[in-house]
Amino acid sequence: MTDLEATQPAPDTVQTKIQARDVRVFYGPTEAIKGVDVDILDKTVTAFIGPSGCGKSTFLRCLNRMNDTIESARVTGEILLDGGDIYDRRVDPVQLRARVGMVFQKPNPFPKSIYDNVAYGPRIHGLVANRAELDSVVEQSLRRAALWTEVKDRLDEPGTGLSGGQQQRLCIARAVATAPEVLLMDEPCSALDPIATAQVEELIDELKQSFSVVIVTHSMQQAARVSQKTAFFHLGHIVEYDDTPKIFTNPVDQRTQDYITGRFG
Ligand SMILES: Nc1ncnc2c1ncn2[C@@H]1O[C@H](COP(=O)(O)OP(=O)(O)OP(=O)(O)O)[C@@H](O)[C@H]1O
């Protein structure tokens, strides 16, 4: 058994968390996502790979309605989270983003203290009853993001004063603090050095025990290291979606083969 196979959850314990059906995204008249169907599994890391401009980030942003914030963007099709349509008019996108959190390419802590960065979500969503509970959520979230020991004596200092790798872990702590069910990560390591990258990758492995993680990455090595499922995007389509070891050793589609062997991208 390879290391990758050893990280596969037992098939009978894995459930579908998100179902996407015929999802299309238009920026003005241009169709960037051209009918994507995919099931994202719970407690699994799913990697989105593919050449630049193929729509990975656009599709990722559909999963927590971040495209709502782009004026020219229009999404059609269906995305179900635990069977419920996230584009239903009754769904509050702010509440949705507490359930489906996001970590961006460039660490983007708020211009607030380390403590307040993490406390922000639980406060606005009313998840805690008092200061002691909030303290506890902040500590647990920083611990889960493997940052607690580095910052516990400087929680009042600005989050923006941390190193890049620490800032990204702070952003992960902030996302984790609302107890999300899915965490979306858009090239979370692209601004980090190899040590910080390794820390974040370790964290991703840890986080998948609790929820579903979807990561966009340009690094095929990273996709192979952290994910159990991989979707290969090309020109707005998912060309192939399968177990990660299969995608990287025995892909079905020639375009996947060409991409993983470095023939384009
Ligand atoms: N805000 C936007 N307005 C108009 N077009 C956009 C916008 N964002 C992305 N696009 C276009 O949509 C297509 C898909 O872009 P997207 O950023 O999703 O691809 P990607 O696979 O994530 O690329 P990369 O790997 O370079 O980040 C591209 O043609 C891009 O130019």
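Residues numbered from 1 in each chain as written. Predicted model: local features only at pLDDT ≥ 70, side-chain atom pairs only at ≥ 80, totals over all residues.

## Here we look at the packing of helix α4 (residues 114-124) against helix α5 (residues 131-144)
Part 1: Following both chains from N to C, one finds α4 and α5 inclined at 115°, their axes separated by 9 Å at the closest point. On the basis of the axis angle, α4 is roughly perpendicular to α5. Handedness of the α4/α5 crossing: right-handed. Seen from α4, the contacting residues are Tyr115, Val118, Ala119 and Pro122; seen from α5, they are Leu134, Val137, Val138, Ser141 and Leu142.
Part 2: Its residues assigned to classes, the contact of α4 with α5 comprises eight nonpolar, one polar and no charged. (Axes fitted to C-alpha atoms, helices over the stretch in contact; angles between N-to-C directions. Helix = DSSP H or I, 4+ residues; strand = E, 2+ residues; numbered from the N terminus. Parallel < 35°, antiparallel > 145°, perpendicular 65-115°, else oblique. Left-handed = near helix turned anticlockwise from the far one by under 90°. Contact = placed C-beta atoms within 7 Å. Nonpolar A, V, L, I, M, F, W, Y, C, P; charged D, E, K, R; others polar.)

## Points about the nonpolar core
Part 1: Judged by nonpolar contacts, the single largest core of 64 residues is most densely connected at Phe48, Leu63, Ala173, Leu184, Val214 and Ile215.
Part 2: Per element, the largest residue contribution to this core is six residues, and it comes from helix α7 (residues 164-176).
Part 3: When residues no more than four places from it in sequence are discounted, the contact partners of Ile215 are Val45, Ala47, Met185, Pro188, Ile204, Val226 and Ser227. (Core = buried A, V, L, I, M, F, W, Y, C linked by C-beta atoms within 7 Å. Buried ≥ 20, exposed ≤ 12 C-beta atoms within 10 Å, placed from the backbone.)

## Describing unusual backbone geometry
Part 1: Positive phi outside glycine occurs at Ala179, with the angle close to 50°.
Part 2: Take Ala179: it is sitting in the loop between α7 and β7 (182-186).
Part 3: Positive phi is not limited to glycine here, since Leu235 has a value of about 50°.
Part 4: Inspection of the secondary structure puts Leu235 in the loop between β9 (229-234) and β10 (237-243).
Part 5: Leu235 gets classed as partly exposed once you count the C-beta atoms within 10 Å, which come to 13.

## Topic: the site of the ligand
Part 1: Around the ligand sit Tyr27, Ala32, Gly50, Ser52, Gly53, Cys54, Gly55, Lys56, Ser57, Thr58, Ile70 and Ser72, and those are all the residues in its vicinity.
Part 2: Considering each element in turn, the shell around the ligand owes the most residues, three residues, to helix α2 (residues 56-62).
Part 3: Class assignment for the residues of the shell around the ligand results in four nonpolar, seven polar and one charged. (Near = placed C-beta within 6 Å.)

## As for the UniProt feature "domain: ABC transporter" (unreviewed entry) in the protein
Part 1: UniProt records the feature "domain: ABC transporter" (unreviewed entry) for residues 18-260 in the present numbering.
Part 2: Annotated as 37% helix and 27% strand, the span residues 18-260 places its first and last C-alpha atoms 26 Å apart. (UniProt positions renumbered as here; feature names shortened; annotations may be inferred.)

## Looking at the packing of α4 against α7
Part 1: It is the contact of α4 with α7, at a shortest axis distance of 7 Å, that shows an interaxial angle of 30°. If you check the angle between α4 and α7, you find them roughly parallel. For the element pair α4 and α7, the recorded crossing hand is right-handed. Contact residues: Ile114, Asn117, Val118, Tyr120 and Gly121 in α4; Leu170, Ala173 and Arg174 in α7.
Part 2: Per-class residue counts for the contact of α4 with α7 are five nonpolar, two polar and one charged.

## A closer look at the environment of Gln166
Part 1: For Gln166, the location among the structural elements is in helix α7.
Part 2: Residues Gln166 and Ala177, spaced 11 residues apart in sequence, show a C-alpha to C-alpha distance of 16 Å.
Part 3: Setting aside residues no more than four positions away along its own chain, Gln166 makes contact with Leu147 and Glu150.

## Remarks on the environment of Val45
Part 1: With respect to the helices and strands, Val45 occurs in strand β3 (residues 45-49).
Part 2: Here Val45 falls in the buried class, since 25 other C-beta atoms lie within 10 Å of it.
Part 3: Between the alpha carbons of Val45 and Val226 there is a distance of 6.8 Å; along the sequence they are 181 residues apart.

## A closer look at the sheet that holds strand β1 (residues 16-27)
Two strands in a sheet stick together by hydrogen bonds in their backbones, pointing the same way (parallel) or opposite ways (antiparallel).
Part 1: The four strands lie next to each other as β2-β1-β4-β5, forming an open sheet whose pairing is antiparallel. In the strand order of this sheet, the two ends are held by β2 (30-41) and β5 (84-85), each with one partner.
Part 2: Taken together, the two bridges between strand β4 (residues 73-81) and β5 define a ladder with antiparallel strand orientation. Bridge pairing in β5 places Leu80 opposite Asp85. (Pairing = 2+ DSSP bridges.)

## A look at α7
Part 1: Given a rise of 1.5 Å per residue, 13 residues ought to cover 18 Å, and the 18 Å separating the end C-alpha atoms of α7 matches this to within 8%.
Part 2: Burial within α7 is extensive, with 12 of its 13 residues counted as buried.
Part 3: For α7, the full list of buried residues reads Gly165, Gln166, Gln167, Gln168, Arg169, Leu170, Cys171, Ile172, Ala173, Arg174, Ala175 and Val176.
Part 4: Those residues of α7 that are buried lie in contact with β6 (100-103), α4, α5, α6 (148-151), β7 and α8 (194-207). (Expected span 1.5 Å × (residues − 1).)

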